[in-house]
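Commentary on secondary and tertiary structure
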Amino acid sequence: MKGFKAFLLRGNVVELAVAVVVGAAFSKIVDAFVKGLINPVIGAIGTKNLDGYTLCIEPPCTVVNGELTKGVGLLWGAVAGAALTFLITAAVVYFLLILPMNKLNERRRAGKEEAVAAPTELELLTEIRDLLARQQQGHGSAPGIPSPYGYGGTNRTHP
């Protein structure tokens, strides 16, 4: 029982359960979208219900409410409707969830790369210490940094 409980409480299982519930609710929205908006547009060309489209193999074929009641036929309209629902679902998931999440991850990765490229505070302090040490040893100023005692050497008259 302990192993089963650990399996159920593992993060992936809980996330998968949430995804299934949200997916089921989302499929209802997509079905309503297809039946309420897409099918009427297609209905302007032919019939409003795609389920009514059949290819009769053995006549006579009779279709009632999307079901073949007489004859042998291929219900290609039902397949087309399901394919259309799938494409709309995939497009919505991609454009509203996947694409924004990928862009967010790219921004995060870019921010981490910039943070890695910048020197740390310890590296900057070490560099400053080394420059000051060279300057005090009489090597003059470091490249690009003017000496406070004049050009190149030390002038011990100033503190």
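Residues numbered from 1 in each chain as written. Predicted model: local features only at pLDDT ≥ 70, side-chain atom pairs only at ≥ 80, totals over all residues. Heavy atoms only, no water.

**Quick look at the overall build of the protein chain**
On a plain count of helices and strands, the protein chain comes out with four helices and two strands. Of the regular secondary structure in the protein chain, the N- to C-terminal order runs α-α-β-β-α-α. Within the protein chain, the proportion of its 159 residues that are buried is 9%. For the protein chain, the share of sequence-separated contacts (at least 6 apart) that also reach a separation of at least 24 residues comes to 25%. (Helix = DSSP H or I, 4+ residues; strand = E, 2+ residues; numbered from the N terminus. Buried < 20%, exposed > 50% of the residue type's maximum accessible area, 1.4 Å probe, protein only. Contact = heavy atoms within 4.5 Å.)

**What to know about the pattern of salt bridges**
The full count for this structure, using the stated rule, is one salt bridge. A salt bridge links R129 to D130, with the shortest nitrogen-to-oxygen separation between them at 3.1 Å. (Salt bridge = Lys/Arg side-chain N within 4 Å of Asp/Glu carboxyl O.)

**A word on the packing of aromatic side chains**
For the structure shown, the criterion picks out one aromatic pair. With a centroid separation of 5.0 Å and 80° between ring planes, the pair formed by Y94 and F95 is classed as edge-to-face. (Phe/Tyr/Trp six-rings, centres within 6.5 Å; stacked < 30°, edge-to-face > 60°.)

**Examining a nonpolar patch on the surface**
Together, V93, Y94, F95, L96, L97 and I98 make up a nonpolar patch on the protein surface, roughly 580 Å² of accessible area in all. Along the chain, L96 falls in helix α3 (residues 76-117). (Patch = residues over 30% accessible without salt bridge, like charges linked within 9 Å, V, L, I, M, F, W, Y side chains within 5 Å. Areas by Shrake-Rupley, 256 points an atom, 1.4 Å probe, with all protein chains shown as cover.)

**A look at the confidence of the model for the protein chain**
Residues at a pLDDT of 70 or more form 80% of the protein chain, whose mean pLDDT is 76. Within the protein chain, the lowest mean pLDDT, 76, falls on helix α1 (residues 2-9), and the highest, 90, falls on helix α4 (residues 121-136). In the model, residues 149-159 has pLDDT below 50 throughout and makes nine contacts with residues more than four positions away in sequence or in other chains. (pLDDT = per-residue confidence, 0-100.)

**Details of the environment of V30**
Among the secondary structure elements, V30 is positioned in helix α2 (residues 11-43). With 62 residues separating them in the primary sequence, V30 and V92 have C-alpha atoms 9.2 Å apart. Residues contacting V30, with those up to four places away along its chain left out, are T85, I88 and T89.

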